[in-house]
Amino acid sequence: MSRGGSGPDGLGERPPVVHVPRRAPLVGDYEQRRRSFTWEEARGWLEGLPGGGINIAHEAVDRHAHSELADTVALRFLSRTEPTSELTYADLARLSDVAAVALRELGVERGDRVCTLLPRSPELYLTALGTLKAGAVYCPLFPAFGTEPVRQRLELGSVRVLVTDTLSYTRKVAAVRDRLPGLRVVLLVDAPEQGSDEGGTVPWATVMADAARVVERDGFTIAATAPEDPALLHFTSGTTGRPKGAVHVHEAVVAHHATSRFCLDLAPGDTYWCTADPGWVTGTSYGIIGPLTCGVTVVTDSADFDARRWWSILQDQRISVFYTAPTALRMLMRKGAALAREHDLSALRHVVSVGEPLNPEAVVWGTEAFGMPVHDTWWQTETGAIMVSNYPGMPVRPGSMGRPVPGVEVGILARGEDGRAAVVDGHVHEVSEAGGLGELALRPGWPSMFRGYLGEPERYARAFADGWYLTGDLARRDGDGYLWFVGRADDVIKSAGHLIGPFEVESALMEHPAVAEVGVIGKPDPLAGEIVKAFVTLKAEHEPTEALRRELIVFGRRRLGSVAPREVEFDEHLPHTRSGKVMRRLLKARELGLPEGDLSTVEHPS
Ligand code: PRX
């Protein structure tokens, strides 16, 4: 993405795009909203539980099931193989009660972790909401993960119940089940009610039928969760070490709801499609919780990307608000705007993007294809909700992530030699000049901020300095307060919007008997933003043949699934730091053809 040129403070090259929305945006006047807004005010938009508690599932579902929205479709499931099905808010309330009782009957207690490894199917959503209603912690796993990421997350999360299907279970879990003593119950959603052939598993249908009888007999009372009780566990990746389990609490729903109003502009009557899988944070915060709290109809599709299918969904479902990712937008762009114009998109009124840098050309292309610019938003697994956004009704500066969400304070912090915010005697300094580069930081206090990395208090403490949460992203802020993404301050990889830890990939490849050492980087890719590339040093007795290269790719794919390296290159001389660590940054400089001495450019190859 190119930078510099005629925009504000030399940021951005294209003029702002002004789009007048069809209805008055819920955020109202941004400047005024920013001045007057408090999180207490947003808390007042929700109901809460009697006695002062709060439960995400109550705000997302039960609140509407007892209102005039009871018969509104809450979730509509599209699939290539199954007929379309729907659940109203009343259905969803009742069935998630049943799922909660099913989990309780299986011994799930407050705070226990429940995972799904499922495609976007009704059982995933019922498990998520049922877990929250039972007062347990919901942890989604991405269904395209291979054996190793699944095993590691089940182990790190001490997961007690896994809800999955027979294929995923036999391929990814059965062989490692004896290494997961904490995993007490595996529910299979496709096993017949009378019993499954898979030893050690229980049919979902059986426990749901039993639980339905219990609910019929005894009724159901939602867990009286307190605002600070844990609700969600999302694994994310760092540069080093194992995946980090970011813990979110029930109070987070205040931010999910407020940002769904301000940034997605959602209100009853909307039909909304978020293309992210709930295995990643976007698919949970904005594929389940946020939109349901707004009382909209959420459309989900279990099929993979297909441009023609996507335009048809936007047309046939009369989608009014569409939340997607730059990789998907680039794939749509490749097929051309003409394809879009073959479809009736008259219901659409707001298009929003997240997860990776949104090319300025994609923002502008939106006006051709969707009839409106694409609005970028920025956030992270740790922030739980959107923190920076382009708002409906405000000029979009193509290439900018937008401005802070009301209630959120953003800082650009001066950096030290390691590229991260410099902390001197416990203090950091904000970059004061407009357009200055620094680490993007946020002032803690918004409700959906993560409350810890599971079991790793030191790692959590290291994410903060001098009263700021340090995001690990590098950014600039122009004179008007718009934020511009520059790059990551560390080595994590963003491929098709998915965050991948190089260490996790390196560790998996090291398991191959021919591999002596590995360095993994993100290699720029026009479609996916980055792809995972591994540089491999072989053990002395192994030859760098094409057959071995292919074997390593297959080996990675089997272990890691979708986060495996797409490219493997043999390299006998991996560069090392003085302490003996592989210098990924230098590998990246070589890959980009940059001078090896000039490492400063590696972190923002714009
Ligand atoms: O580097 C930023 C990038 O995605 C990271 C967060 O990834 P994850 O925790 O997986 O959360 C994804 C869902 C929000 C950020 O640190 N990122 C996110 N949004 C943008 C972005 N990079 C550029 N522009 C964005 N709009």
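Residues numbered from 1 in each chain as written. Predicted model: local features only at pLDDT ≥ 70, side-chain atom pairs only at ≥ 80, totals over all residues. Heavy atoms only, no water.

Another point: the environment of A60. In this fold, A60 is placed in helix α3 (residues 56–65). Taking the C-alpha atoms as reference points, A60 and G219, separated by 159 residues in sequence, lie 20 Å from one another. Excluding residues within four positions of it along the chain, A60 makes contact with Y89, I289, L292 and T293. (Helix = DSSP H or I, 4+ residues; strand = E, 2+ residues; numbered from the N terminus. Contact = heavy atoms within 4.5 Å.)

Residues in contact with the ligand amount to 18 residues; listed here are only the nearest, T377, Q380, T381, D473 and K494. One of the backbone N or O atoms of T377 is found 2.7 Å from a nitrogen atom in the ligand. Contact distances for the ligand include 2.6 Å between an oxygen atom and a side-chain N or O atom of T381. Protein coverage of the free-state accessible area of the ligand, which is 540 Å², stands at 97%. Those elements that place two or more of their residues in the shell around the ligand are α10 (281–293), β14 (374–378) and β22 (483–488). The element best represented in the shell around the ligand is β14, accounting for three residues. (Near = heavy atom within 4 Å. Polar contact = N/O pair within 3.5 Å; in protein donor to acceptor, adjacent residues only side chain to side chain. Areas by Shrake-Rupley, 256 points an atom, 1.4 Å probe, with all protein chains shown as cover.)

This part covers the domain arrangement of the chain. Looking at the chain, the domain boundaries give domain 1 (31–36 + 256–407), domain 2 (55–60 + 87–249) and domain 3 (493–592). One C-alpha centre belongs to domain 2, the other to domain 3; they are set 33 Å apart. Taken together, the 17 residues of domain 2 in the interface contact 14 residues of domain 3. In this structure, the connection of domain 2 to domain 3 is made through one salt bridge. Residue E504 pairs with R153 through a salt bridge whose shortest N-O separation is 2.8 Å. Where domain 2 meets domain 3, there are seven residue pairs in polar contact (both at pLDDT 80 or more). Sorting elements by how many residues they give to the side of domain 2 that touches domain 3 places helix α6 (residues 147–156) first, with five residues. Here the side of domain 2 that touches domain 3 is composed, by residue class, of five nonpolar, nine polar and three charged. (Domains from an automatic or database assignment. Salt bridge = Lys/Arg side-chain N within 4 Å of Asp/Glu carboxyl O. Nonpolar A, V, L, I, M, F, W, Y, C, P; charged D, E, K, R; others polar.)

Here the focus is the pattern of salt bridges. If you walk through the whole model with that rule in mind, you get 46 salt bridges. When the shortest N-O distance is used, the salt bridge between R23 and D265 registers 3.9 Å. Here R23 is found in the segment before α1 (30–36), whereas its partner D265 is found in the loop between α9 (253–262) and β10 (271–274), with 242 residues between them in sequence. Overlapping salt bridges bring together K523, K533, E567, E569 and E591 as one network.

Moving on, we get to the nonpolar core. Formed by 106 residues in total, the largest nonpolar core has its most connected members in W39, L92, L264, Y272, L292, Y323 and M387. With nine residues, helix α4 (residues 89–105) is the single largest residue contributor to this core. A domain-level breakdown of this core finds at least three residues from each of domain 1 (31–36 + 256–407) and domain 2 (55–60 + 87–249). When residues no more than four places from it in sequence are discounted, the contact partners of W39 are V254, A255, A258, V405, P406, G407, V408, G445, W446 and P447. By size, the runner-up hydrophobic cluster in this structure holds 43 residues, among which are L509, V532, L538 and F555. (Core = buried A, V, L, I, M, F, W, Y, C linked by side-chain atoms within 4.5 Å. Buried < 20%, exposed > 50% of the residue type's maximum accessible area, 1.4 Å probe, protein only.)

Here D466, not a glycine, exhibits a phi torsion of approximately 50°, which is positive. Checked against the element boundaries, D466 lands in the loop between β20 (464–465) and β21 (468–477). Classification of D466 by relative accessible area gives partly exposed; the value is 31%. At A496, a position not held by glycine, the phi torsion is positive, near 50°. Tracing the backbone through its elements, the reader meets A496 in the loop between β23 (493–495) and β24 (498–500).

In total, this model carries 27 aromatic pairs according to the counting rule given. Where F305 meets W310, the ring centres are 4.8 Å apart and the plane angle is 65°; that geometry is what we call edge-to-face. Residue classification places W310 among the buried residues on the basis of a relative accessible area of 7%. Relative to F370, the ring of W365 lies with its centre 6.1 Å away and its plane at 85°, an arrangement referred to as edge-to-face. Accessibility assignment for this pair places W365 and F370 in one class, buried. One aromatic cluster is present, built from ring pairs that chain together W273, F305, W310, W311, F322, W365 and F370. Over the ring of Y482 we find R397, and its NZ or CZ is 4.1 Å from the ring centre. (Phe/Tyr/Trp six-rings, centres within 6.5 Å; stacked < 30°, edge-to-face > 60°. Lys NZ or Arg CZ within 6 Å of the ring centre and 35° of its normal.)

To continue, consider the side chain of H350. Mapped onto the elements, H350 comes out in strand β13 (residues 350–353). A residue is classified by how much of its surface remains accessible, and H350, at 1% relative accessible area, is buried. Those residues within four positions of H350 in sequence are excluded, and the remaining contacts are C263, L264, D265, S320, V321, F322, M372, H375 and P392.

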